[in-house]
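Here are the chains, one letter per residue:
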Amino acid sequence: MIPLATDVDAIASFLALVYLGVIPFSVTAPLIGQDREAHRRQMVRLISLHRVDRLLVSEDLAGITGRYQEAPAAMALLATSPTADDLADETPVPAAVVAEDDVAFVQFSSGSTAQPKGVRITHRGIVYNIGLIVSSDRRTAESVWVSWLPLYHDMGLVGGLLTNFLLHNPLVLMHPRCFVSRPLAWLQAISRHRGYVTAIPNFALDICTQRITDEQLEETPLDLSSFRYIYNGSEPVRPSSLRRFEAKFGPHGFVPGSIQPVYGMAEATLIISAPRLD
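Let me begin by describing the structure that accompanies this report. Since this is a predicted model, take the numbers as computed values, not measurements. (Residues numbered from 1 in each chain as written. Predicted model: local features only at pLDDT ≥ 70, side-chain atom pairs only at ≥ 80, totals over all residues. Heavy atoms only, no water.)

**Digging into the side chain of Asn202**
Positionally, Asn202 belongs in the loop between β9 (195–200) and α9 (203–211). With a relative accessible area of 2%, Asn202 lands in the buried category. Sequence-distant contacts of Asn202, that is, excluding residues within four places in its chain, are made with Asn232, Gly233, Glu235, Pro236, Val237, Arg238, Ser241 and Leu242. (Helix = DSSP H or I, 4+ residues; strand = E, 2+ residues; numbered from the N terminus. Buried < 20%, exposed > 50% of the residue type's maximum accessible area, 1.4 Å probe, protein only. Contact = heavy atoms within 4.5 Å.)

**Quick notes on unusual backbone geometry**
Its identity as a non-glycine residue notwithstanding, Arg138 has a phi of 60°, on the positive side. Note that Arg138 resides in the loop between α4 (123–137) and β7 (144–147).

**Quick look at the nonpolar core**
Counting residues in each nonpolar core, the largest one holds 57 residues, and the members touching the most others are Phe105, Trp186, Leu187, Tyr231 and Phe249. The residues touching Phe249, leaving out its near neighbours within four places in the chain, are Leu187, Cys208, Thr209, Ile212, Leu217, Leu224 and Phe254. With 8 residues, the next largest nonpolar core counts Val27, Met43, Val52 and Phe108 among its residues. (Core = buried A, V, L, I, M, F, W, Y, C linked by side-chain atoms within 4.5 Å.)

**Here's the deal with a nonpolar patch on the surface**
Taken together, the side chains of Tyr19, Leu20, Val22 and Val93 present a nonpolar region at the surface, about 350 Å² in accessible area. Within the secondary structure, Val22 sits in the loop between α1 (8–19) and β2 (26–27). (Patch = residues over 30% accessible without salt bridge, like charges linked within 9 Å, V, L, I, M, F, W, Y side chains within 5 Å. Areas by Shrake-Rupley, 256 points an atom, 1.4 Å probe, with all protein chains shown as cover. Salt bridge = Lys/Arg side-chain N within 4 Å of Asp/Glu carboxyl O.)

**A word on the pairing of strand β10 (residues 229–232)**
Residues Tyr229 and Tyr231 point to one face of β10 and Ile230 and Asn232 to the other, with burial holding for every one of them. Alignment of β9 against β10, held across 4 bridges, turns out to be parallel. Bridge pairing in β10 links Thr198 to Ile230. Sheet topology note: the β10/strand β11 (residues 259–261) ladder contains 3 bridges and is parallel. Considered in β11, the bridge of Tyr231 is made with Gln260. The handedness of the β10 to β11 crossover, carried by helix α11 (residues 239–249), is right-handed. (Pairing = 2+ DSSP bridges. Right-handed = clockwise from strand over helix to strand, strands pointing away.)

**Here we look at the pairing of β7**
Burial of the side chains of β7 extends over both faces: Val144 and Val146 are buried on one face and Trp145 and Ser147 on the other. Across 2 bridges, the pairing between β7 and β9 is parallel. When the sheet's bridge partners are listed, Val144 is paired in β9 with Gly195. The pairing of β7 with strand β8 (residues 171–173) spans 3 bridges and is parallel. Paired with Val146 across the two strands is Val172, which belongs to β8.

**Details of a negative patch on the surface**
A cluster of acidic residues, Asp85, Asp86, Asp89 and Glu90, forms a negative patch at the surface. Relative to the helices and strands, Glu90 is located in the loop between α3 (84–88) and β5 (103–108). Owing to a relative accessible area of 72%, Glu90 belongs among the exposed residues under this scheme. (Lys, Arg positive; Asp, Glu negative; His and termini not counted. Charge placed at Lys NZ, Arg CZ, Asp CG, Glu CD.)

**With respect to the sheet that holds β9**
Read from one edge of the open sheet, 5 strands run β8-β7-β9-β10-β11, paired in parallel fashion. The strands lining the two open edges of the sheet, one partner per strand, are β8 and β11. Between one strand and the next, the sheet's axes are offset by a mean angle of 20°, whatever the strand orientation. Across the sheet, α4 touches β7, β9 and β10, and the angle it forms with β10 is around 130°. (Axes fitted to C-alpha atoms, helices over the stretch in contact; angles between N-to-C directions.)

**Section: the environment of Thr198**
Considering the arrangement of structural elements, one finds Thr198 in strand β9. For Thr198, a relative accessible area of 0% translates into the label buried. Between the C-alpha atom of Thr198 and that of Asn232, which follows or precedes it by 34 residues, the distance is 8.9 Å. For Thr198, the residues in contact, after removing those within four places along its chain, are Trp145, Val146, Ser147, Trp186, Phe227, Tyr229, Ile230 and Tyr231. Engagement of the side chain of Thr198 in a polar contact is seen with the backbone oxygen of Val146, the distance being 2.5 Å. (Polar contact = N/O pair within 3.5 Å; in protein donor to acceptor, adjacent residues only side chain to side chain.)

Encoded structure:
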């Protein structure tokens with residue numbers, strides 16, 4: 001089990017586990033305002049339910065191992081930075097031999113209608129699904145994805161991170177708290193890095209139109225003309241949100257029609273339905 005935060009160490013650990021043929025369970029760190037003890041109990045429930053045998057210990061999960069019967073101290077794996085000797089050793093580590101239908105990782109459903117359920121994602125499923133996504137938005141190896149989505153969520157993990165490995169296109173990641181506390185920073189990153197594609201829940205459009213002021217836009221010039229495909233999913237898509245966003249940011253280069261209503265589920269790896277860019 002690995003708490004998949006938006007940082008290089010967590011991403012590298014997740015990819016390393018997949019490379020070695022170990023099946024990572026991506027779980028959330030405590031949410032803003034969430035009781036730490038309630039979060040720990042939720043993690044212990046998942047450990048017991050899915051028979052997790054190792055826990056990559058982060059600061060957020062340090063209080064679990066050795067405290068609960070289901071999570072003995074021996075379960076903990078401590079992520080450490082490589083030493084100089086480690087970096088000097090160029091001995092290649094062989095990748096695991098896997099079949100297409102072997103499980104690559106486990107992600108959890110949203111839990112909007114019941115307790116989150118673990119979903120086994122196979123190598124075949126992830127390769128096929130990210131192929132569908134890339135063919136929908138018509139990106140190239142030069143197209144930039146700019147994302148603030150949490151990586152423990154299927155839209156953030158599969159869409160925001162893993163799709164970019166198919167064509168090796170550039171990826172700009174922001175911590176979700178950065179967007180929530182200052183939504184203008186997301187649009188600034190799109191403008192600065194010439195972002196082409198991203199995925200968001202519908203409420204992100206409302207946050208931008210309601211909390212980014214005209215004064216901020218006057219002080220911070222934006223060029224959103226490179227932004228051509230926004231996957232809008234994970235919750236009901238509201239046409240009024242799209243219209244307000246296009247009206248507010250159209251004068252700053254945003255191209256009307258770039259926001260695409262999509263549908264997906266963790267149980268399907270991610271994407272089920274998305275318009276294809278002409």
